Amino acid sequence: MSAELRAPGVFPGDAIYIGGHFRKGGGEAVESLFPADGTLNTIVHCASQEDVTDALKAARAALADPAWCDLLPHRRAAWLSRIADAIDKNKEYLAWLQSRDTGKTLRETTILVGSAADTMRYYAAVAETAEEAITPSRGPYLTLSRFEPIGIIGAITPWNSPIASDVQKLAPALAAGNAVILKPSPWSPLTSLALAQIIDETGLPKGLVSVLPGGAEVGSRLVEDPEIGRIVFTGGTTVGRKIAEVAGKRLVPVSLELGGKSPTIIRPDADLDLALAGVLFGIFSSSGQSCIAGSRLFVHRSLYETFRERLVAATGKLVVGHPFSERTQVAPMVHVDHRAAVERWVARAKEEGGKVLIGGARPEGADYDDGYYYLPTIIESLTNEAVCCREEIFGPVLILLPYDDDETLIAQANDNRYGLACGIWSKDIIGALALGRRITAGTVWINTYKQFSASTPFGGEKDSGIGREKGLEGMRAYMVQKSYYIDTSQAPHPWARSHETD
Ligand code: NAD
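Residues numbered from 1 in each chain as written. Predicted model: local features only at pLDDT ≥ 70, side-chain atom pairs only at ≥ 80, totals over all residues. Heavy atoms only, no water.

**Student:** How would you summarise the site of the ligand if you had to cite specific residues and measurements?
**Tutor:** Within the structure, the ligand sits among 28 residues, and Thr157, Lys183, Gly236, Leu258 and Glu392 are positioned closest to it. In this structure, an oxygen atom belonging to the ligand sits 2.6 Å away from a side-chain N or O atom of Glu392. Against a free-state accessible area of 850 Å², the protein chains account for coverage of 85% of the ligand. The set of elements that each furnish at least two residues to the shell around the ligand consists of α8 (216-224), β10 (228-234) and α9 (237-250). The dominant element in the shell around the ligand, judged by the number of residues it contributes, is α8, at 3 residues. (Near = heavy atom within 4 Å. Polar contact = N/O pair within 3.5 Å; in protein donor to acceptor, adjacent residues only side chain to side chain. Areas by Shrake-Rupley, 256 points an atom, 1.4 Å probe, with all protein chains shown as cover. Helix = DSSP H or I, 4+ residues; strand = E, 2+ residues; numbered from the N terminus.)

This is the structure in structure tokens:
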């Protein structure tokens, strides 16, 4: 698609991107539907396993080309900056497209696109400034510790925040000098395909980036291929574990950004106005379809009833609506099947003795009839042991739990297989930090929630994943650390000399 055609209202062609060319994928044809009304966006012809073979060949050629492999880091950085500018230039289009594809509010997708451009710029700066080391040595030896590209990276992303997940992998991988084969989810491939078009127009050497929408068979083909030197995955824990098993057998590095069931904690001294706004945002933004959703809310018993009352009242005022309305706070779910899964979780919570305080149903009215909407839902009277407290629901469903003291709170917050994030609301920052140290989580937010920066590492503990994205280490993860010893004496090794004298 030419740049002139890239405007809200137009969908990327039905083509996958391999070696600098767009073509129809050899895999299944998938309908992309607008979650707000179920209308057809476009049909995407996904990739086949043969397409993966072609993408690998293109990546191999690109990596061998001096136009890429001989580039100094600041030249690679220039490519990233160009891509960042191109994302910015197409900001409106990309945001619109991601909203059409996922149902997220335009307000949210606009922020996500901006942050994708920022991530590219951040890694341009990292590529330019990251240093290698001359390590201490003895005698005539000069010893170096260098970081070199791995080669071909297999990147697999979920449907919930495509542009953010894609760029979090593409930017550091390219900054490090690799080629990337990106496989977005068949539920939301459109932004990734538009990103391919935008990257193509910057003139980045062909084959460095391929974009192959597809399902499990394309993903597992990537994971199993001996040419893939690192697998980076964002998605659910079940699939992540399968990928880790294959990576373990192949002995290739893998990073896994997986699911969560994150606790949010309201301490007795919390500012309740701030906490209320933060809790609502933490669980109901993105309709709860967020790995870091604050889905278990622990409230100190001294405020439980007051806070519950305010929370339910405020939840009732949230605007559930069309993704393109500026007023909308809770937009539709990504897919009709995913809403059905959330409905099954709520039914299960009721079977477990949960009491639905608000929501627990689809909104009513003509505006909602054709979309995949679900009301923000709060459930209480469950214990932390209930299945709905243990498992990720990935929808707008908050479980409310009272707590009495820090020790039982910490035990319960940590009594979960996930360890992605935690929110603490308290005026006592020192106390909140001390509490945060005892919670098993990759990120702890204090008096805020869902805040990010490209320079701050992100990742999970336990079943929430392995490894960290973002920050300097986020680029190092795409590099091989190699040591060099150079003998500056030009003298034969003493072992050889003594041999000569025999
Ligand atoms: P998913 O695990 O079903 O799929 C993720 C990706 O893996 C998709 O592209 C899918 O096609 C692919 N895939 C499926 N089976 C595969 C296989 N056998 N081999 C290789 N690839 C395969 O997840 P989803 O439903 O798309 O996304 C939701 C999940 O992602 C949630 O659990 C959420 O918590 C998680 N997530 C985590 C983070 C994080 O940073 N920790 C961020 C966003 C989403």
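**Student:** For the nonpolar core, give the residues involved together with the corresponding values.
**Tutor:** If you look at the biggest cluster of nonpolar residues, it comprises 83 residues, and the most contacted ones within it are Ile87, Met120 and Leu174. Ranked by the residues each element gives to this core, the list is headed by helix α5 (residues 106-129), at 9 residues. Residues in contact with Leu174, not counting those within four places in the same chain, are Trp68, Arg76, Leu80, Ile83, Val180, Leu204, Leu208 and Val209. (Core = buried A, V, L, I, M, F, W, Y, C linked by side-chain atoms within 4.5 Å. Buried < 20%, exposed > 50% of the residue type's maximum accessible area, 1.4 Å probe, protein only. Contact = heavy atoms within 4.5 Å.)

**Student:** Tell me about the packing of aromatic side chains, residues and numbers included.
**Tutor:** Any pair of aromatic rings gets described here by the distance separating the centres and the angle formed by the planes. As enumerated under the stated definition, the model contains 11 aromatic pairs in all. With a centroid separation of 4.6 Å and 50° between ring planes, the pair formed by Trp445 and Tyr449 is classed as tilted. The exposure class assigned to Tyr449 is buried, which follows from its relative accessible area of 3%. Taking the centre distance of 5.8 Å and the plane angle of 80° together, the rings of Trp445 and Phe452 count as edge-to-face. Members of the aromatic cluster, connected to one another through ring pairs, are Trp445, Tyr449, Phe452 and Phe458. (Phe/Tyr/Trp six-rings, centres within 6.5 Å; stacked < 30°, edge-to-face > 60°.)

**Student:** Kindly report on the packing of helix α10 (residues 272-284) against helix α11 (residues 304-316), identifying the contributing residues and their values.
**Tutor:** As a packed pair, α10 and α11 sit with axes 11 Å apart at the nearest point and diverge in direction by 50°. The angle between α10 and α11 falls in the class oblique. Viewed along their axes, α10 and α11 form a crossing whose handedness is right-handed. Facing Leu272, Asp273, Ala275, Leu276, Val279, Leu280 and Phe284 of α10, the residues of α11 in contact are Phe307, Arg310, Leu311, Ala314 and Thr315. Here the residues of the contact of α10 with α11 sort into 9 nonpolar, 1 polar and 2 charged. (Axes fitted to C-alpha atoms, helices over the stretch in contact; angles between N-to-C directions. Parallel < 35°, antiparallel > 145°, perpendicular 65-115°, else oblique. Left-handed = near helix turned anticlockwise from the far one by under 90°. Nonpolar A, V, L, I, M, F, W, Y, C, P; charged D, E, K, R; others polar.)

**Student:** With reference to specific residues and values, describe the sheet that holds strand β13 (residues 296-300).
**Tutor:** Taking strand neighbours across the sheet as the criterion, the 7 strands line up as β14-β15-β16-β13-β12-β18-β19 in an open arrangement whose pairing is mixed. Unpaired on one side and paired on the other, β14 (355-358) and β19 (443-446) mark the two borders of the sheet. Here the strands of the sheet are splayed against their neighbours by 25° on average, with no regard to which way each runs. Here strand β18 (residues 421-425) runs beside β19; their pairing, made up of 4 bridges, is parallel. When the bridges of β19 are listed, Cys422 appears paired with Val444. Across the face of the sheet, α10 comes into contact with β12 (263-266), β13, β15 (377-380), β16 (397-403) and β18 while running at roughly 140° to β16. (Pairing = 2+ DSSP bridges.)

**Student:** Give me the lowdown on the environment of Asp273, citing residues and values where you can.
**Tutor:** Inspection of the secondary structure assignment puts Asp273 in helix α10. Judged by its relative accessible area of 52%, Asp273 is exposed. Considered as a pair, Asp273 and Gly25 are 248 residues apart in the sequence and their alpha carbons are 51 Å apart. In terms of polar contacts, Asp273 uses its side chain to reach the side chain of Arg310, at 2.6 Å.

**Student:** Break down the packing of α5 against helix α6 (residues 162-175) for me, citing the residues and quoting the values.
**Tutor:** It is at 9 Å that the axes of α5 and α6 come closest, and there the two elements cross at 15°. Looking at the two axes, α5 sits roughly parallel to α6. Helix-helix and strand crossings are classified by hand; for α5 and α6 the assignment is right-handed. Residues Leu112, Val113, Ala116, Thr119, Met120, Tyr123 and Ala127 of α5 touch α6, and the partners they reach there are Ile163, Ala164, Val167, Gln168, Leu170, Ala171, Pro172 and Ala175. When the residues that make up the contact of α5 with α6 are grouped by side-chain class, the tally is 13 nonpolar, 2 polar and no charged.

**Student:** Which residues make up the pairing of strand β6 (residues 141-149), and what values do they have?
**Tutor:** In this sheet, β6 lies alongside strand β5 (residues 133-135) in antiparallel orientation, the contact comprising 3 bridges. Note on β6: the bridge partner recorded for Thr135 is Thr143. In this structure, β6 lies alongside strand β22 (residues 479-487), joined through 9 bridges in antiparallel fashion. Residue pairing in the sheet places Phe147 in a bridge with Gln481 of β22.

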